[in-house]
Amino acid sequence: MKDYLAARLRDVLADLDDVPEGFAPELETPANPEHGDLSTNTALRLASELDGSPRTIAEDLAERLREATDSARVASVEVAGPGFVNFRYAEKHLQRGLKAILAAGDQYGRTTGHVGERALVEYVSANPTGPLTVGHGRNAVLGDAIARLLEHVGYEVEREYYFNDAGRQMRVLGQSVQARYEALAARRRGETVPTKTVEGAGGEPREVPERFPENGYQGAYVTEIAEALLDDPAFREKIAEAENGGHAPFQQAAEERMFAEIDATLRKLGVEMDSHFNERALYADEGDRQGEHISIDEALGRLREAGYVYDEEGATWLETTRTGKDQDTVLVKSSGEPTYRLPDIAYHAGKFERGFDLMIDVFGADHIATYPDVLSALDILGYDTGRVDVVIYQFVTLVRGGEPVKMSTRRAEYETLDDLVAEVGRTVLETHGRAEGEDGAADGFSEEEITRAGADIVRFFFLMRSPSSHLEFDLDLAKEASEKNPVYYLQYAHTRIASILRKAEEVGFSFEQTGADGPDFSLLTHEAEQDLIKALLRFPDAVRQAADAREPHRVVTYLRAVANAFTQFYAHCHIIGEERPLATARMHLAKAAQTVLRNGLVELLGVDAPVRM
RNA sequence: GCGCCCGUAGCUCAGUGGACAGAGCAUCGGUCUUCUAAACCGGUGGCCGCAGGUUCGAAUCCUGCCGGGCGCGCCA
């Protein structure tokens, strides 16, 4: 409808003189329903150009638009306020729209604007040095939801996880595991293990084995990995045979285990990657490189050719002062090792070579300073950086009992995503169990049930805020299995519809009891019915706007409006007890509302849409 | 010092340059013998951080200040 009116508006404007070249008319849904279903400010915007009063221009536009629009779609075109032109939908249009929603079913909400385009969404991208934290959770869920949004507007989407297992961090992890392993082995042999004291969680002193590396990873998971390895005869044998005492086998084993754990954590949250990209692939020789990747040598060579690279003090620099920064940037250290920036540049150049039309990076606020360098380099290399979109999300503060929870990975002061999901899920189920009066049920939940319940809430909490907004994750609120928890409001609306339809069929109503032309939607004249249909018809546009902005929280905002409109309908319009034609029409409307809620919750937000609660 | 993000109801946050600024929670009051009360209805509560500017019109755009967060390394 918006597209239709925009087109008519352009037609009308084409007949007017003095309309500026390229003038793009705007249509919006007024906040106040008294101002119609759609509104345009065109007359106000053109007043100075056309040299007339906004009101007069608006009257003229309205007159022409009445002629130009189909009365089966537009019921009225009115001028209001300082010069707005307001449109009201024809009932016929609502009836047709409702029919279209039902026909589209679980495809409703998808649009085709970007069909034929390919998008790469890079997210999570945490090196496997430890379990995913709450912060990674926001990244993962946000990236996943953005990928879903892009798919809904037609993109073919690839989800990629970028990591580097060759750096210092991973070496330190390997050494940390090795130190724990050797200490455990010695203890099992009855030997005393020499220890030293380092700074641990909260600045408290902490005893670690003497061979524990500087800035080693103190988390319990390191010891757990060491224990598991010690209990693995094959691994013990491997260590015994190697005899060089290096950390390499420990690092490798730790990486494998961490990745398995990370994948499991992501899967719990419904996040699945299409590909993992190891930075190591960028070091491969030219002839050896996989597919269309750009190696770091090639990227550096091309930057040098472009004249933006120089050598000084043994290091290789990129002249970022020429791209608006106040410092140049080191690409290769005097040790001969590249900084992380160079592989980043090569990796992104490779994305272009792989033929993506849109490349999205999801980064935490702590990476804010690094991506401009990458974009500058891509620009120098001749790539269209307009196709790269960096989504920066602000940090998550976990609040428990009104107090913020501090987090730091290395010193083992953190809340893992797994813990968060489990804590939330368990508490919610226990509370729910009590609410249902199922005494003793508290202990009876499977890990799977806990995960499902927790994952829905965690996903929803991460998605309900704008990425640019600091996110306060209130554990106490998340754990409330009550009306306080916003995710239930949407799920409950969906459940309620399922319940109504179930009940209606039980007492003999049916979707099939319609005339030859299907249900008679012209019977849906109640204000609550009309408002609900209008809300449902906005869905594709809401999805499009959320996708364009890369902001999944807009979907949440929209779905709340739908749930609210449905609740009004529920309160005022019954099914059981009504004449069959009206009851049947209402069943179809309820079904359409359920479709939108389901598609939004399940397909876009990735949370469950239960039929019973 | 420089860069980016944020500052909207008591709290957590929505708010595509538009027509009287919204939601949830909290608080006060009302609603279950009719399709699920995890719900609904109503009340209280705002110099949209401050000051300028652009505009017919600014919470929204620009500038400056104030306050909070994150960065600013031959760490990632």
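Quick notes on the rules
Residues numbered from 1 in each chain as written. Chains lettered and ligands numbered in written order. Predicted model: local features only at pLDDT ≥ 70, side-chain atom pairs only at ≥ 80, totals over all residues. Heavy atoms only, no water. Pairing = 2+ DSSP bridges. Helix = DSSP H or I, 4+ residues; strand = E, 2+ residues; numbered from the N terminus. Contact = heavy atoms within 4.5 Å. Axes fitted to C-alpha atoms, helices over the stretch in contact; angles between N-to-C directions. Buried < 20%, exposed > 50% of the residue type's maximum accessible area, 1.4 Å probe, protein only. Salt bridge = Lys/Arg side-chain N within 4 Å of Asp/Glu carboxyl O. Domains from an automatic or database assignment. Buried area = accessible area lost by both parts, 1.4 Å probe. Polar contact = N/O pair within 3.5 Å; in protein donor to acceptor, adjacent residues only side chain to side chain. Nonpolar A, V, L, I, M, F, W, Y, C, P; charged D, E, K, R; others polar.

Turning our attention to the sheet that holds strand S4 (residues 84-89). Judged by pairing direction, the sheet is antiparallel, and its four strands sit side by side in the order S1-S2-S4-S3 without closing on themselves. Each end of this open sheet is capped by a strand with a single partner; those strands are strand S1 (27-28) and strand S3 (74-80). This element, helix H3 (residues 54-68), spans S3 and S4 of the sheet and lies at about 170° to S3.

Our focus in this paragraph is helix H7 (residues 220-230). If you check which residues of H7 are buried, you get Tyr 221, Val 222, Ile 225, Ala 226, Leu 229 and Leu 230. Taken together, the buried residues of H7 touch helix H6 (168-188), helix H8 (233-242) and helix H9 (248-268).

Here the structure, examined in full by the defined rule, presents 34 salt bridges. As a salt-bridge pair, Asp 37 and Lys 534 come within 2.9 Å of each other at their nearest N and O atoms. With Asp 37 in the loop between S1 and strand S2 (38-40) and Lys 534 in helix H17 (residues 527-537), the pair connects residues that are 497 residues apart, well separated along the chain. On the basis of relative accessibility, which here comes to 18%, the residue Lys 534 falls in the buried class. Between Glu 337 and Lys 333 there is a salt bridge, and its shortest N-O distance comes to 3.9 Å. Given the relative accessible area of 45%, Glu 337 is considered partly exposed. A network of salt bridges, in which partner residues are shared, links Asp 144, Arg 148, Glu 151, Arg 159, Asp 274 and Arg 459.

Attention now goes to the environment of Ile 392. Examined against the element boundaries, Ile 392 turns out to sit in strand S14 (residues 388-393). Of the residues examined, Ile 392 reaches a relative accessible area of 16% and is grouped as buried. Separated by 75 residues in the primary sequence, Ile 392 and Pro 467 place their C-alpha atoms 6.9 Å from one another. In contact with Ile 392, other than residues within four places in its own chain, are Phe 363, Gly 364, Ala 365, Ile 368, Tyr 371, Pro 467 and Ser 468.

With domains assigned, chain A is organised as domain 1 (2-89), domain 2 (118-160 + 273-390), domain 3 (168-268), domain 4 (397-479) and domain 5 (484-605). Contact residues are listed per partner, giving 13 residues for domain 4 and 14 residues for domain 5. A combined buried area of about 1,100 Å² lies between domain 4 and domain 5, and 67% of that area is made up of carbon and sulfur atoms. The largest share of the area that domain 4 buries against domain 5 comes from Phe 460, Leu 463 and Leu 477, three residues that together contribute 48% of it. Taken together, the links from domain 4 to domain 5 amount to zero salt bridges. Applying the counting rule to domain 4 against domain 5 returns two residue pairs in polar contact (both at pLDDT 80 or more). Looking at the side of domain 4 that touches domain 5, the elements with two or more residues in it are helix H14 (447-463) and helix H15 (475-479). Considering every element that reaches the side of domain 4 that touches domain 5, the biggest residue donor is H14, with six residues. In terms of residue class, the side of domain 4 that touches domain 5 is made up of nine nonpolar, one polar and three charged.

Strand order in this open sheet of three strands is S16-S15-S17, and the pairing throughout is mixed. Two strands in the sheet have a free side with no partner beyond their single neighbour: strand S16 (403-405) and strand S17 (471-474). Along the sheet, successive strands turn relative to each other by an average axial angle of 40°, direction set aside. Direction of pairing for strand S15 (residues 396-400) relative to S17: parallel, over a ladder of four bridges. Each bridged residue has a counterpart across the sheet, and for Val 399 the counterpart in S17 is Asp 474. This element, H14, spans S15 and S17 of the sheet and lies at about 155° to S17.

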